[in-house]
Amino acid sequence: MIEEIFFKSAHELSAMLSRREVSSVELTKAIIERTKQLDSKIGSFLSFDEGKTLKEAAESDARRKRGGGGALSPLDGIPVSLKDLVAEKGQPLTCGSKILENFISPYDATVTERLRGAGCVLWGRLNMDEFAMGSSSENSAYRAVFNPWNINYVPGGSSGGSAASVAAGETILALGSDTGGSIRQPAAFCGICGLKPSYGAVSRYGLVAFASSLDQIGPMGRSVEDIASLFQVIAGTDKKDSSTFHFKKPDYLGELPKFQFLQKLGVPVEYFQDGLDPEVRAALERAIEFYRSAGHEVVEVSLEMTKYVMPAYYVISTAEASSNLARFDGIRYGFRSKAAKNAIDIYSKTRGEGFGEEVKRRIMLGTYVLSSENFESYYRHAQKVRTLIRDDFMRAMEGVSALIAPTTPTVAFELGKKKLDPLQMYLCDIFTVQANMVGTCAISIPCGMSSTNLPIGMQILGKPFKEQEILSLAYEFESAHGYKDLHPNI
Ligand code: GLN
């Protein structure tokens with residue numbers, strides 16, 4: 001029974017825990033063993049604290065033993081791993097950067113607090129592109145992450161450690177963050193599910209900021225049920241983050257089967273043009289056919305602003321990043337250059353030595369578009385374009401409940417293939433950035449395998465705060481296909 005327990009869903013494990021067929025300590029030990037066995041190959045984790053994690057598991061077991069509804073939530077005792085930019089008190093918080101090497105978080109993020117409140121067992125700190133900038137997890141200052149389906153390929157990024165660890169059974173659930181696709185793109189590359197929540201659905205308190213108007217934390221897991229359960233725990237308004245929205249939280253898990261009735265779905269024509277890999281296109285066409293034969297009406301819609309999404313994103317996100325990352329100056333946090341001789345030196349040498357190439361590129365771009373001579377023509381212009389992108393999206397959504405689209409133009413690519421060409425790397429997010437620019441929710445779930453045995457992801461975009469609808473549509477597809485039971489043979 002203990003065999004392959006690491007591939008069971010949180011949903012099944014929760015039932016097993018409550019029936020006492022397994023304890024949280026046994027489950028957590030299996031996860032720790034699996035991680036130790038695999039992580040030299042995959043590189044999902046930047047650090048972990050076995051003793052602390054096992055203590056949390058033992059506490060969960062004690063709660064369940066007390067009986068009488070002792071469990072704090074269905075996820076009590078389930079291991080959940082955090083991307084290394086979500087603060088967990090007493091644990092490292094490096095953001096995959098040298099500049100935060102040895103930095104220990106003095107407090108918990110709101111999502112971390114909520115996971116504790118639900119009894120989750122917090123397992124390890126997950127590898128990522130430095131400060132969440134990248135699409136391959138090769139920008140980690142520590143080491144790259146490898147795709148568990150084929151270790152010569154990237155797992156996607158920036159939440160590559162989150163996706164790879166979930167896919168490989170090194171954890172049950174994970175949190176990632178998504179500024180332009182960083183939950184959905186690695187989920188697609190690793191064959192798992194990932195939800196980018198609507199802007200304001202999840203607190204960003206304790207999330208190290210990349211681009212504050214785009215960032216959202218979201219759940220990653222091997223099934224739609226699992227991410228619905230995790231989303232239930234982390235979603236909701238927070239007085240520590242004034243950008244969270246007051247909304248009534250539905251029962252995401254309970255409502256999964258509820259929306260499966262004849263919805264009208266849109267297919268954005270701009271997402272199916274040149275550059276889309278034929279195998280990805282074919283998988284999406286099959287998925288669209290599935291929805292059609294299930295009784296949904298599927299219509300073509302147009303997102304005319306699509307070609308402006310990437311340029312506007314790279315103005316807005318770099319501008320916000322250059323301002324957010326100004327705080328890493330060698331004085332307030334973490335690393336300080338040993339070569340610094342005076343105050344100015346501390347700033348410039350610390351930042352020069354502490355940040356990697358991609359982060360410096362973004363800071364320079366962002367500083368440029370915010371400079372007084374360029375502000376109007378770049379930054380303000382991009383903000384106006386962003387409004388048009390939002391209007392365009394809302395117009396396309398008028399007659400439909402959701403959009404069906406590919407998550408990425410291709411399946412995972414080989415390590416090193418795009419690392420030297422930032423523009424090629426940026427284009428990985430061409431289908432995912434839209435949701436961040438609009439502030440709406442979108443999910444990626446597996447919908448096929450390529451002839452090279454790499455997963456293909458389908459994206460479902462919803463209206464703002466309609467997570468339950470896209471989760472349901474995803475669940476409908478998942479229930480009729482076997483992808484959630486496919487695991488990499490590693
Ligand atoms: N890959 C995109 C970028 O590098 C998105 C990153 C993200 O969502 N954090 O900006």
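Up top you'll find the structure we're talking about.
K.L.:
Teacher, can you tell me more about the pattern of salt bridges here?
P.N.:
Side-chain pairs of opposite charge can arise where the charged atoms are in close proximity. For the coordinates displayed, the defined rule picks out 23 salt bridges. Across the pair Glu 59 and Lys 55 runs a salt bridge, and its minimum N-O distance is 3.6 Å. Of this pair, Glu 59 and Lys 55 both sit in helix H3 (residues 50-66), separated by four residues, roughly a single helical turn. Residue Lys 55 is classed as exposed on the basis of its relative accessible area of 55%.

K.L.:
Would you mind going over the site of the ligand with me for this structure?
P.N.:
If you check the shell around the ligand, you find 15 residues, and the closest are Gly 180, Ser 182, Tyr 313, Arg 362 and Asp 429. The contact in question runs from an oxygen atom of the ligand to an N or O atom on the backbone of Gly 181, over 3.2 Å. With respect to the ligand, the side chain of Tyr 313 contributes an N or O atom lying 2.6 Å from an oxygen atom. The fraction of the free accessible surface of the ligand (290 Å²) that becomes covered by protein chains is 100%. Applying the majority rule of atoms within 2 Å of the grid points places the ligand in the largest cavity.

K.L.:
What am I meant to see in empty space enclosed by the protein here?
P.N.:
Any space left empty among the atoms is revealed by the rolling of a water-sized probe across them. All told, the structure shown has five cavities of 30 Å³ or more when counted by the stated rule. Put simply, the largest cavity is a space of about 90 Å³. If you go around the largest cavity, you meet 14 residues; those closest to its centre are Gly 134, Ser 135, Ser 182, Tyr 313 and Asp 429.

Cut-offs applied
- Residues numbered from 1 in each chain as written.
- Predicted model: local features only at pLDDT ≥ 70, side-chain atom pairs only at ≥ 80, totals over all residues.
- Heavy atoms only, no water.
- Salt bridge = Lys/Arg side-chain N within 4 Å of Asp/Glu carboxyl O.
- Helix = DSSP H or I, 4+ residues; strand = E, 2+ residues; numbered from the N terminus.
- Buried < 20%, exposed > 50% of the residue type's maximum accessible area, 1.4 Å probe, protein only.
- Near = heavy atom within 4 Å.
- Polar contact = N/O pair within 3.5 Å; in protein donor to acceptor, adjacent residues only side chain to side chain.
- Areas by Shrake-Rupley, 256 points an atom, 1.4 Å probe, with all protein chains shown as cover.
- 1 Å grid on protein atoms, 1.4 Å probe; cavity = no way out; pocket = protein on both sides within 12 Å on 5 of 7 lines; lining within 4 Å.
- Sits in = over half its atoms within 2 Å of the grid points.
- Points joined across faces, edges and corners; volume = space filled by probe spheres on them.

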